[in-house]
Amino acid sequence: MPKNKKPVSESRTVMTNIVLPNETNSLRNLFGGELLAKMDRCAAISAARHCARRVVTASVNHVSFSHPIPEGGIVVLESKVSRAFSTSMEIYVDVWLDDPIKQTKIHTNDGIYTFVAVDEYNMPVPIPDAIPETELEIERWEAALRRKELSLILSGRMKAKDSVELKKLFAPE
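Described below are features of the structure shown in this document. Here the structure is a predicted model, which is why all the values come from computation and not from measurement.

**Quick notes on the overall build of the chain**
If you tally the helices and strands in the chain, you get 3 helices and 7 strands. Its helices and strands taken in sequence order, the chain reads β-β-α-β-β-β-β-β-α-α from the N to the C terminus. Projected onto its principal axes, the C-alpha coordinates of the chain cover approximately 50 × 45 × 30 Å. Buried positions account for 40% of the 173 residues belonging to the chain. Positive and negative side-chain charges in the chain, numbering 23 and 23 respectively, have mean positions lying 4 Å apart.

**Some thoughts on helix α2 (residues 135–154)**
Taking 1.5 Å of rise per residue, 20 residues should cover 28 Å, and α2 covers 29 Å from first to last C-alpha, within 8% of that figure. When α2 is considered as a whole, its buried residues turn out to be Glu137, Arg140, Ala143, Ala144 and Glu149. Directly beyond the C-terminal end of α2, a positive phi value near 80° is found at Gly156.

**Re unusual backbone geometry**
In this structure, Arg28 takes a positive phi of about 65° despite not being glycine. Of note, the phi angle at Asn122 is positive, near 60°, even though the residue is not glycine. For Asn122, the location among the structural elements is in the loop between β6 (104–118) and β7 (129–131).

Conventions used here
Residues numbered from 1 in each chain as written. Predicted model: local features only at pLDDT ≥ 70, side-chain atom pairs only at ≥ 80, totals over all residues. Heavy atoms only, no water. Helix = DSSP H or I, 4+ residues; strand = E, 2+ residues; numbered from the N terminus. Buried < 20%, exposed > 50% of the residue type's maximum accessible area, 1.4 Å probe, protein only. Lys, Arg positive; Asp, Glu negative; His and termini not counted. Charge placed at Lys NZ, Arg CZ, Asp CG, Glu CD. Expected span 1.5 Å × (residues − 1).

Given below as structure tokens:
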């Protein structure tokens, strides 16, 4: 049976929250762990939307903390599937600090999560391919395979010599 395909845009998820005092550190900024949990939830919804299955977090591959999010700040998270593999998918999450009074939006964080679709016995199941449409989606789709190869090499599940995409970056012309 051929795999079906879904546009990346169908997995788009946007979550908006206000930062409450109990979510902040001693500097009155959002705790990193609180943000990671919010990002994981947002990414999980995107993953489930993409494959119409139960999903589990397999890994958090990258998170950057570029700008603090203060108590009372409005945090907006947006996630989309960046690429789907056989049973796993990479989800890219962008985070902004939204100030509706000043009418500004600052990109504060991003993260890359990997989810696996599972059946009722928690066994991995095949998922649809992700079709990128915008320039940014295409960039992220292309980079996802390089990130997957690097992750497999670092975990010892792939030999560097077997990499296809990473060789393209480092091989002399």
